[in-house]
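What follows is the residue order along each chain.
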Amino acid sequence: MGGCAGSRRRLSDSEGEETVPEPRLPLLDHQGAHWKNAVGFWLLGLCNNFSYVVMLSAAHDILSHERTSGNQSHVDPGPAPIPHNSSSRFDCNSVSTAAVLLADILPTLVIKLLAPLGLHLLPYSPRVLVSGICAAGSFVLVAFSHSVGTGLCGVVLASISSGLGEVTFLSLTAFYPRAVISWWSSGTGGAGLLGALSYLGLTQAGLSPQQTLLSMLGIPALLLASYFLLLTSPEAQDPGGEEEAESSARQPLIRTEAPESKPGSSSSLSLRERWTVFKGLLWYIVPLVVVYFAEYFINQGLTSDEHREFAMATTCISDTLGISLSGLLALPLHDFLCQLS
């Protein structure tokens, strides 16, 4: 009997050991989802800012468009631009490169100013599609443009793509673990480096600016693939309670109809509540305005709680405001410097 009981006990123990790994499967799934979302938001940050950075890197070329023989046109980097003042010691275009900066930032500023008022009423998927289409259109329009005006229209498309994408993806982070914000930020930083280096590297390798811009059409495709194929559907992330957690997942990732307004969402905030939240965000907005103003002025002038979604969409206006101010001030400064002998 004892031996039989021992055998049964050992068999039970053995069976127990074999069933131990089964509860780990959800943990593995959770870890896989974590890394998919982390990589997804990194790619979204990279792709979203890529066209914006490339347009700034190509600013000098965009302002020196020339029509070539035949039916082709491209940005010709060879001939030197006609100086605004031949006696100036600066390398001047007839139009300041700050014009490209403003075309690349003012549409973004308008989008970010209007976004907290009603953009949340639109589902995320159409917003991402529009962002991707505008990014692709910007590369094509600038590549085949025949004039500075057409090229600047392409830059405006890049700005619309970047601004709409930034507001959309930052709002989307409210439905994911907070770590994805760091991955998004890292991706946008990578765009600044990879965007500028890729344009410089490809043009220095012998490709024309037109060929370089067309080769970057894979970036908008990667953005759409990252959103629709890589990100997992938003899950309950708020540890404060099941009801709050369910409300944080109120909007699926892929959705065709407009989301319904529910208590606790940013769409239910009154104007007074929005103003109160905005005033609390000024501690973060003002320093960013100063930092971005200084950085871009130097570069261009001289050549779920309930408030989280709304707050993420609103705070991002700070960098755009600083860049816009620097571009506006850089225009008269450019003309002043180019008139110096």
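Residues numbered from 1 in each chain as written. Predicted model: local features only at pLDDT ≥ 70, side-chain atom pairs only at ≥ 80, totals over all residues. Heavy atoms only, no water.

### Thoughts on the overall build of the protein
Right, so step 1: Helices and strands together make up the secondary structure of the protein, namely 13 helices and two strands.
Right, so step 2: The burial tally for the protein puts 44% of its 341 residues in the buried class.
Right, so step 3: Within the structure as shown, the protein displays about 17,200 Å² of accessible surface, and the carbon and sulfur contribution to it stands at 64%. (Helix = DSSP H or I, 4+ residues; strand = E, 2+ residues; numbered from the N terminus. Buried < 20%, exposed > 50% of the residue type's maximum accessible area, 1.4 Å probe, protein only. Areas by Shrake-Rupley, 256 points an atom, 1.4 Å probe, with all protein chains shown as cover.)

### Some points on a nonpolar patch on the surface
Right, so step 1: A contiguous nonpolar surface patch, about 540 Å² in accessible area, is contributed by Val-110, Leu-113, Leu-114, Leu-117 and Leu-271.
Right, so step 2: The dominant element in the nonpolar patch, judged by the number of residues it contributes, is helix α4 (residues 98–118), at four residues.
Right, so step 3: Examined against the element boundaries, Leu-271 turns out to sit in helix α11 (residues 271–301).
Right, so step 4: Owing to a relative accessible area of 68%, Leu-271 belongs among the exposed residues under this scheme. (Patch = residues over 30% accessible without salt bridge, like charges linked within 9 Å, V, L, I, M, F, W, Y side chains within 5 Å. Salt bridge = Lys/Arg side-chain N within 4 Å of Asp/Glu carboxyl O.)

### Re the confidence of the model for the protein
Right, so step 1: Here the protein averages 75 in pLDDT, and 65% of its residues register 70 or above.
Right, so step 2: The model gives residues 236–264 a pLDDT under 50, and that stretch makes 59 contacts with residues more than four places away or in other chains. (pLDDT = per-residue confidence, 0-100. Contact = heavy atoms within 4.5 Å.)

### What about the packing of aromatic side chains?
Right, so step 1: Counted by the stated rule, this structure contains seven aromatic pairs.
Right, so step 2: With a centroid separation of 4.8 Å and 90 degrees between ring planes, the pair formed by Tyr-227 and Phe-228 is classed as edge-to-face.
Right, so step 3: Note on Phe-228: relative accessible area 24%, which makes it partly exposed.
Right, so step 4: Three or more aromatic residues joined by ring pairs form one cluster here, namely Phe-169, Trp-184, Tyr-227 and Phe-228.
Right, so step 5: A cation over a ring is seen here: Arg-127 above Tyr-124, with NZ or CZ 4.5 Å from the ring centre. (Phe/Tyr/Trp six-rings, centres within 6.5 Å; stacked < 30°, edge-to-face > 60°. Lys NZ or Arg CZ within 6 Å of the ring centre and 35° of its normal.)

### A closer look at the environment of Leu-43
Right, so step 1: Residue position: Leu-43 is located in helix α2 (residues 24–57).
Right, so step 2: Given a relative accessible area of 16%, Leu-43 falls into the buried group.
Right, so step 3: It is 6.9 Å that separates the C-alpha atoms of Leu-43 and Leu-223, two residues lying 180 residues apart in sequence.
Right, so step 4: Those residues in contact with Leu-43 that sit more than four places away from it in its chain are Leu-222, Ser-226 and Leu-230.

### Topic: the nonpolar core
Right, so step 1: Within the largest apolar cluster, 36 residues are counted, with the highest numbers of intra-cluster contacts made by Phe-41, Leu-44, Leu-172 and Tyr-227.
Right, so step 2: The biggest single contributor to this core is α2, with eight residues.
Right, so step 3: In this structure, Val-53, Leu-56, Leu-102 and Ile-105 belong to the second largest nonpolar core, which totals seven residues. (Core = buried A, V, L, I, M, F, W, Y, C linked by side-chain atoms within 4.5 Å.)

### Let's talk about the pattern of salt bridges
Right, so step 1: Using the criterion set out here, one finds one salt bridge in the structure.
Right, so step 2: A salt bridge links Glu-166 to Lys-112, with the nearest nitrogen and oxygen atoms 2.8 Å apart. Here Glu-166, found in helix α6 (residues 148–172), pairs with Lys-112, found in helix α4; they are 54 residues apart in sequence, far enough to count as distant.
Right, so step 3: On the basis of relative accessibility, which here comes to 12%, the residue Glu-166 falls in the buried class.

### Topic: the UniProt feature "transmembrane region" (unreviewed entry) in the protein
Right, so step 1: Mapped onto this numbering, the UniProt entry gives "transmembrane region" (unreviewed entry) at residues 95–115, 127–144, 151–175, 181–200, 212–230 and 281–298.
Right, so step 2: Secondary structure content for residues 95–115 is 86% helix and 0% strand, while the C-alpha to C-alpha distance between its ends is 31 Å.
Right, so step 3: Secondary structure content for residues 212–230 is 89% helix and 0% strand, while the C-alpha to C-alpha distance between its ends is 27 Å. (UniProt positions renumbered as here; feature names shortened; annotations may be inferred.)

### Some points on the packing of helix α5 (residues 124–143) against α6
Right, so step 1: Viewed as axis vectors pointing N to C, α5 and α6 meet at an angle of 155 degrees, and their least axial separation amounts to 8 Å. Judged by the inter-axis angle, α5 sits roughly antiparallel to α6. Regarding α5 and α6, the two cross each other, and that crossing is left-handed.
Right, so step 2: A class-by-class count of the residues in the contact of α5 with α6 yields 15 nonpolar, ten polar and one charged. (Axes fitted to C-alpha atoms, helices over the stretch in contact; angles between N-to-C directions. Parallel < 35°, antiparallel > 145°, perpendicular 65-115°, else oblique. Left-handed = near helix turned anticlockwise from the far one by under 90°. Nonpolar A, V, L, I, M, F, W, Y, C, P; charged D, E, K, R; others polar.)

### Overview of helix α9 (residues 218–230)
Right, so step 1: Taken together, the buried positions of α9 are occupied by Ile-219, Pro-220, Leu-223, Ser-226 and Tyr-227. Projected down its long axis, α9 shows its buried positions confined to an angular sector of 120 degrees, all on one face. (Arc of directions from axis to C-beta.)

### Considerations on the side chain of Thr-108
Right, so step 1: Along the chain, the position of Thr-108 falls in helix α4.
Right, so step 2: Taking the relative accessible area as the measure of exposure, Thr-108 reaches 3% and is therefore buried.
Right, so step 3: A polar atom in the side chain of Thr-108 sits 2.8 Å from the backbone oxygen of Ser-159.
Right, so step 4: What Thr-108 contacts, discounting residues up to four positions off in sequence, is Ser-159, Gly-163 and Thr-320. (Polar contact = N/O pair within 3.5 Å; in protein donor to acceptor, adjacent residues only side chain to side chain.)

### So, the environment of Gly-137
Right, so step 1: Turning to its location among the elements, Gly-137 is positioned in helix α5.
Right, so step 2: Residues Gly-137 and Cys-153, 16 residues apart in the sequence, show an inter-C-alpha distance of 10.0 Å.

### What about the packing of α4 against α6?
Right, so step 1: The N-to-C vectors of α4 and α6 enclose an angle of 35 degrees; their axes lie 8 Å apart at closest approach. Crossing of α4 against α6: the hand is right-handed. Contacts between α4 and α6 involve Ala-99, Val-100, Ala-103, Asp-104, Ile-105, Leu-106, Pro-107, Thr-108, Ile-111, Lys-112 and Ala-115 on the former and, on the latter, Leu-152, Val-155, Val-156, Ala-158, Ser-159, Ile-160, Gly-163, Leu-164, Glu-166 and Val-167.
Right, so step 2: When the residues that make up the contact of α4 with α6 are grouped by side-chain class, the tally is 15 nonpolar, three polar and three charged.

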